[in-house]
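Tertiary structure, described
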Amino acid sequence: MAAPIPASPLFLREPEIRRGVELLYFGYAHLTRSIDAGLAAQGLGRAHHRALYFIARKPDLTVSELLAILAITKQSLGRVLTELADRGFVETRTGDRDRRQRLLRLTPAGAKLEGELFDALREKMANAYSSAGQGAVGGFWAVLEGLVPEEERQRVAALGR
């Protein structure tokens, strides 16, 4: 891989911002393509993967929490969760304190599928991190965190706990 082009000292100019947007777009597109075949083999799409990923990160996630994380309509999430449950990848149960809550958890089959998909993502991210170096990883995280609105950062940080 070619050495990364250093950012211009004028990094807030339009060409530098456009370059960042382009790299973000193409990087994400190639990252997600690494799991498309695994999803297609199951007849699933990227929306299913996002649900599996976040349920894996936080078992017993509520449906309303997942709605907030994914920022999609209740109808869209309902379709995705129904398909995942019908295929035996996700199970729901009622909340202990609030019986109206629906808590989401991966089944063993769901955990296996999510793990296989994550392995493909991990390989791509580890290679990119390795070639960029430790200092660049922290800067990358800082830029991405800066894209998350302040009021949502707590929810994002809670996933890492």
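Everything below is about the structure shown above.
A short tour of the structure in this document, coming up. (Residues numbered from 1 in each chain as written. Predicted model: local features only at pLDDT ≥ 70, side-chain atom pairs only at ≥ 80, totals over all residues. Heavy atoms only, no water.)

**Re the packing of helix 5 (residues 108-132) against helix 6 (residues 134-147)**
When two helices pack together, their arrangement is captured by the angle between the axes and the distance separating the axes. Viewed as axis vectors pointing N to C, helix 5 and helix 6 meet at an angle of 115°, and their least axial separation amounts to 7 Å. Contacts from Met125, Tyr129 and Ala132 in helix 5 reach Ala136, Val137, Phe140 and Trp141 in helix 6. Residue classes in the contact of helix 5 with helix 6 are distributed as 7 nonpolar, no polar and no charged. (Axes fitted to C-alpha atoms, helices over the stretch in contact; angles between N-to-C directions. Helix = DSSP H or I, 4+ residues; strand = E, 2+ residues; numbered from the N terminus. Contact = heavy atoms within 4.5 Å. Nonpolar A, V, L, I, M, F, W, Y, C, P; charged D, E, K, R; others polar.)

**Observations concerning the sheet that holds strand 1 (residues 61-62)**
The sheet built from 3 strands is open, its strands ordered 1-3-2 with antiparallel pairing. A strand with exactly one partner marks an edge of an open sheet, and here the two such strands are strand 1 and strand 2 (90-94). Pairing of strand 2 with strand 3 (residues 102-106) involves 5 bridges; the strand directions are antiparallel. For Glu91, the partnering residue across the bridge sits in strand 3 and is Arg105. (Pairing = 2+ DSSP bridges.)

**Details of the packing of aromatic side chains**
Evaluation of the coordinates by the stated rule reveals 3 aromatic pairs. Centroid distance Tyr25 to Phe26: 5.1 Å. Interplanar angle 80°. Geometry classified as edge-to-face. When its relative accessible area of 55% is taken as the criterion, Tyr25 is described as exposed. Relative accessible area serves as the criterion here: at 48%, Phe26 is assigned to the partly exposed category. Judged by centre distance (6.4 Å) and plane angle (65°), the rings of Tyr129 and Trp141 are edge-to-face. (Phe/Tyr/Trp six-rings, centres within 6.5 Å; stacked < 30°, edge-to-face > 60°. Buried < 20%, exposed > 50% of the residue type's maximum accessible area, 1.4 Å probe, protein only.)

**Regarding the pairing of strand 3**
As paired strands, strand 1 and strand 3 are joined by 2 bridges and run antiparallel to one another. Along strand 3, the bridge assignment pairs Leu61 with Leu104.

**Here's the deal with the pattern of salt bridges**
Inspection of the entire model under this criterion finds 10 salt bridges. Between Arg18 and Glu14 there is a salt bridge, with the nearest N and O atoms lying 2.6 Å from each other. Linking Arg18 with Glu14, this pair stays in helix 1 (residues 14-41), spanning 4 residues, or about one helical turn. Neither residue differs from the other here; Arg18 and Glu14 are each classed as exposed. Ionic pairing is found between Asp60 and Arg93, a salt bridge with its closest N-O pair at 3.3 Å. In this pair, Asp60 is assigned in the loop between helix 2 (46-57) and strand 1 and Arg93 in strand 2, connecting sequence segments 33 residues apart. Residue Asp60 is classed as partly exposed on the basis of its relative accessible area, which comes to 22%. The partly exposed category is assigned to Arg93, whose relative accessible area is 35%. (Salt bridge = Lys/Arg side-chain N within 4 Å of Asp/Glu carboxyl O.)

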